[in-house]
2 protein chains.
Amino acid sequence: MRASVLSDWLAQRLDRGSGQPVYRQLHRLLQQAILSRELPAGARVPSSRLLAAELGIARNTVTQVYEQLVLEGYVASATGRGTYVADTSPDEIVGANEAGAMGVDRGAGARVGRPGTGGVLPASLPTGAAASPSPGIAASFAAQPAEGGGTHAAREAARALSARGARLIAGAGVSKRQGGAFMPGVPDVSRFPSRVWTRLTNKYWRSLRPDLLTYAPGGGLALLRHELADYLRTARSVRCSPEQIIITTGIHQSVDLAVRLLTDSGDVIWTEDPCYWGLRSVLHVSGLNPRPIAVDSEGINPSAEDFAVPPRLILVTPSHQYPLGMVMSLARRRMLLEYARQHQCWIIEDDYDSEFRYGSRPLASLQGLDTAGQVIYVGSFGKTLFPGLRVGYLVAPEALAESFATASAELYREGQLLQQAVLAEFIAEGHFTSHIRKMRGLYGQRREALLEAAASRYGDALPAMGGDAGLHVVMQLPEGCDDRAVAEAALARNIVVRPLSGYYAERARAASGLLIGYACVPDEEIAPAFNTLGEAIDATLPLFA
Amino acid sequence: MRASVLSDWLAQRLDRGSGQPVYRQLHRLLQQAILSRELPAGARVPSSRLLAAELGIARNTVTQVYEQLVLEGYVASATGRGTYVADTSPDEIVGANEAGAMGVDRGAGARVGRPGTGGVLPASLPTGAAASPSPGIAASFAAQPAEGGGTHAAREAARALSARGARLIAGAGVSKRQGGAFMPGVPDVSRFPSRVWTRLTNKYWRSLRPDLLTYAPGGGLALLRHELADYLRTARSVRCSPEQIIITTGIHQSVDLAVRLLTDSGDVIWTEDPCYWGLRSVLHVSGLNPRPIAVDSEGINPSAEDFAVPPRLILVTPSHQYPLGMVMSLARRRMLLEYARQHQCWIIEDDYDSEFRYGSRPLASLQGLDTAGQVIYVGSFGKTLFPGLRVGYLVAPEALAESFATASAELYREGQLLQQAVLAEFIAEGHFTSHIRKMRGLYGQRREALLEAAASRYGDALPAMGGDAGLHVVMQLPEGCDDRAVAEAALARNIVVRPLSGYYAERARAASGLLIGYACVPDEEIAPAFNTLGEAIDATLPLFA
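Now for a description of the structure that goes with this document.

Definitions and limits used
Residues numbered from 1 in each chain as written. Chains lettered and ligands numbered in written order. Predicted model: local features only at pLDDT ≥ 70, side-chain atom pairs only at ≥ 80, totals over all residues. Heavy atoms only, no water. Pairing = 2+ DSSP bridges. Helix = DSSP H or I, 4+ residues; strand = E, 2+ residues; numbered from the N terminus. Contact = heavy atoms within 4.5 Å. Buried area = accessible area lost by both parts, 1.4 Å probe. Salt bridge = Lys/Arg side-chain N within 4 Å of Asp/Glu carboxyl O. Polar contact = N/O pair within 3.5 Å; in protein donor to acceptor, adjacent residues only side chain to side chain. Least-squares fit on C-alpha atoms with pLDDT ≥ 70 in both. Disulfide = S-S within 2.5 Å. Axes fitted to C-alpha atoms, helices over the stretch in contact; angles between N-to-C directions. Buried < 20%, exposed > 50% of the residue type's maximum accessible area, 1.4 Å probe, protein only.

1. Section: the sheet that holds strand β5 (residues 289-296) of chain A
Residue and element names in this part refer to chain A.
- Strand order in the open sheet formed by 8 strands is β3-β10-β9-β8-β7-β4-β5-β6, with mixed pairing between adjacent strands. The strands lining the two open edges of the sheet, one partner per strand, are β3 (245-248) and β6 (299-300).
- Bridging between strand β9 (residues 375-380) and strand β10 (residues 392-395) involves 4 bridges; their strand directions are antiparallel. If you follow Gly379 over to β10, its bridge partner there is Tyr393.

Right, here's the structure in full:
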């Protein structure tokens, strides 16, 4: 179109009332005119002075837009020939390399009037927009193709996910709710000593140490690794030097790191059955081949067939089996260590909540019994402080400590060193252990309240398991009861419980029960909330009505 | 041993001066005596009253230790028979299942005097400790086996890592240094507006909203996703709704998430050659099969052979090729989108530092041209704010937004919502864009200073590339120069530069050069630091001396 035609076309669409800067509007309009071939390749664009005059805008604005369009390859200026619309049709797919062979000094300008232009507009580009009467260019330009893309993408969605991706989504166990009665595994964050925490945080921000704001060295902040080594040695009988400690964002990342360093796709890994859904997902996407192993009152309990195929890795929760809550017996621990030593297996000890043991001190870790450097110990501050903190730790075998540190920096590029410094001082000043003591007392009361409420309503009919530690109990339901239905009925009454059967990999083994978290429920709400849950149970399981 | 003998043995080793609580010492000593069979299975332990008297400690302490040992399965008490040392020898490995079959009501006590005990001490258990004269039990108990474990583990270390793990470590590109002249890719964190940030942080901590301290909902905090959608729409021409935005911990996690959802092990992925080492590592550990594609002045430039094998995924840096710095031409962008549409490939657009473009506005994103919902856009606040923040984002195709949100919650169990709320308000109040403007000016000066220093020392002999955007320039070295040697010589002078050749997957293609980061170097230090670098260059490349 002639210059004046272009000016009219633009004038119609420039919307000074839209709040959109004229610069951005003009830029998008010209892009759109070129992409939609309103302005065909090779066409001369009016001089900035002329266009500015016809549109009644600052010439400087037009010049800037032209410069930007040159940079983006929409237009090109050749000395003595003014500014032309560049050929922006896609490179020939097959010929792309020979085009590239034209070398480094070739600019967009070289493309003006290049042969083989007149091809039709590729289907993948916006067309309607130019014809649209809508004055709000930005809107129409953004919206229309997006919708088109949406529906198109929708058609593809089915085949879009990979096999592992589809499996991950299908098996996802994550809940939409993250708190309230009776969300398992969520501590009471409202009691967190936030004053102390903010005091320390502000202190470190005032110092503004650049080294605390950049990437973390492999393994995390030395100060925190030292504090943790001391804590784990005394509180958990873990044998380690600070160099063996790797700071992570939590147990998920700790296990991911160990799996990527120690296993290959297709390797067999023993998992307890039942176990935590989150880690099962992490193992699946890493291409591992989990073998679910039964548990009994002493913990993981491999059969002769299980023993026959030594795994590469064994993932266990010795201090407090998740979710059932039993403690792995010493004999079972030693059996596991011996078997792992004989068959060169790795053991990951997931020690997710052993700080909360009621009526007795926490039990010693499995890692503390390991003399062959075959146990990787993982833990987290998610339950002891608050989940959103995202700080966990891994204790690597001495011989692999450096590899673990390197791999964590290489794969995750972690940071958050200021927060790690705050946490280290929080521990050093004794706030960590005193907070644990305080919360242990609090959770102990809530546990009592829950067990009483359960007993007073159901007597021995629905026994609770695993109540001597952790943040939840498992209430057993009579065999054959549909615990999923109960959980749904409870959710309809705004009570979150998790069906036990969902934690089993082997349906045949799946016991019926409910995971009931009491830690994040205020004392006075526990009895009433349990009665609401009771209604859901009675409504679903007539035998109790 | 008889009770009095045990008392003597314990008395010798109890160290009241050690600061270790007597409870913990006695607990460890008895564990050790049992594990080392000083106290054999079945042996009767003295009554708490007697032992307390003989050791001159509180009876209550002894009782508590006994209770703990019962819990841990070291001793067992049978009514009327006092307290006995339990059989703690490992379960028979083959028979473990039939032992387990004894069922749920079987306690540790059942094991006292169980047949088949007298086996020799498994090699995996501490022996020396008991004989050790050292009074500091805790020390000797912890140290000795750990050393043993260390050397044992050392023997295994070679075969310990998996194939992918070993490859990851061997190819790790992460640097020990994270700042100083001329660390590439690290912004100047000292200019971060920490006052504003702490003000907002304190505000949210005071409100102590539990929902900000627990796990994140899939995708992250809605408030931040809204702010980001607005920012990306206007600043980067990205077309998205807030629901399409997934908050991550950075580009590593964003790519990891996309790869796990959209690819399977063994899938072919196109990467630019050269490219960022960190993402190459992420792709490798996910089992992908990267095909390095050459780049020219217009960006990624696949050959006919490349086109012949459509990949599952294409990873590109269109706004600012990393590390060379060129901009992908519009024709190349359209070719890529068209090819991806025809062959059902996914494209990941890594837009890691496009905010910093000097002398022109940032270029529009590739995602903005995509109408088929096939581009996954990833970016991060690591360069615009500070790396340690660990906040990045991914823009998912509309049709997959929910799957991406679910997968991120399932795989990473993210949190940090309080920080996300602070960031959202930081953006809403305009601090984000004004900080970018401020830093763009600052980095522009430093870039000038660096280019001047280079020109004044080497003229055109060592041309710089990619200087019009980003946080580093690439100084080309004459072909055949060993850029690694130069980098080492520089490091010996405490100057960090990255050898360009290390970023290439195909040795044949590898050009010689240096990545020189200027962003985190104070203006006045740039010239002197470059001269130090020059000494390293001249010392390594005689031709410049």
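Following the structure, the description resumes.
2. Examining the interface of chain B and chain A
- Contact residues are listed per partner, giving 143 residues for chain B and 141 residues for chain A.
- Between chain B and chain A the total buried area reaches about 12,400 Å² when both faces are included, carbon and sulfur atoms providing 56% of it.
- At the boundary of chain B with chain A, the tally comes to 2 salt bridges.
- Between B:Arg260 and A:Asp256 there is a salt bridge; the shortest N-O distance is 2.8 Å.
- Remark: the boundary between chain B and chain A carries 42 residue pairs in polar contact (both at pLDDT 80 or more).

3. Some thoughts on the relation of the copies chain B and chain A
- The operation relating chain B to chain A is a screw motion whose rotation component is 180°, with 0.0 Å of axial translation and a residual RMSD of 0.2 Å. Taken together, the rotation angle and the small translation identify this as a two-fold axis. Distance from the rotation axis, computed per C-alpha, reaches its smallest value in chain B at B:Ser286: 3.3 Å.
- Interface residue correspondence from chain B to chain A reaches 99%, placing this contact among same-surface, isologous pairings.

4. Observations regarding the state of the cysteines
- Following the criterion strictly, the structure yields 0 disulfides over all chains and no others.
- The thiol sulfur of A:Cys275 is not disulfide-bonded, and the nearest other cysteine sulfur, from A:Cys345, lies at 18 Å.

5. Regarding the sheet that holds strand β13 (residues 498-499) of chain B
All names here are of chain B.
- Sheet architecture is open: 4 strands sit in the order β11-β12-β14-β13, paired in antiparallel fashion. If you trace the sheet from one side to the other, it starts and ends with β11 (464-465) and β13, each paired once.
- Across 5 bridges, the pairing between strand β12 (residues 472-476) and strand β14 (residues 513-517) is antiparallel. Within β14, the residue paired with Val474 across the bridge is Leu515.
- Of the strands in this sheet, β12 and β14 touch helix α19 (residues 523-540), which is tilted by about 165° from β14.

6. What about the pairing of β14(B)?
Residue and element names in this part refer to chain B.
- Of all 5 residues making up β14, 5 are buried, and the element is well covered by its neighbours.
- Neither face of β14 is exposed, since Gly513, Leu515 and Gly517 on one face and Leu514 and Ile516 on the opposite face are all buried.
- Judged from the 2 bridges that link them, β13 and β14 form a sheet pairing that is antiparallel. The partner of Pro499 across the bridge, within β14, is Leu514.

7. What about the pattern of salt bridges?
- As enumerated under the stated definition, the model contains 38 salt bridges over all chains in all.
- With a shortest N-O distance of 2.6 Å, A:Lys203 and A:Glu425 are connected by a salt bridge. With a gap of 222 residues between them, A:Lys203 in helix α9 (residues 194-207) and A:Glu425 in helix α16 (residues 417-428) connect regions that are remote in the sequence.
- Assessed through its relative accessible area of 37%, A:Lys203 is described here as partly exposed.
- Three or more residues joined by partner-sharing salt bridges are found here, namely A:Asp256, A:Arg260, B:Asp256 and B:Arg260.

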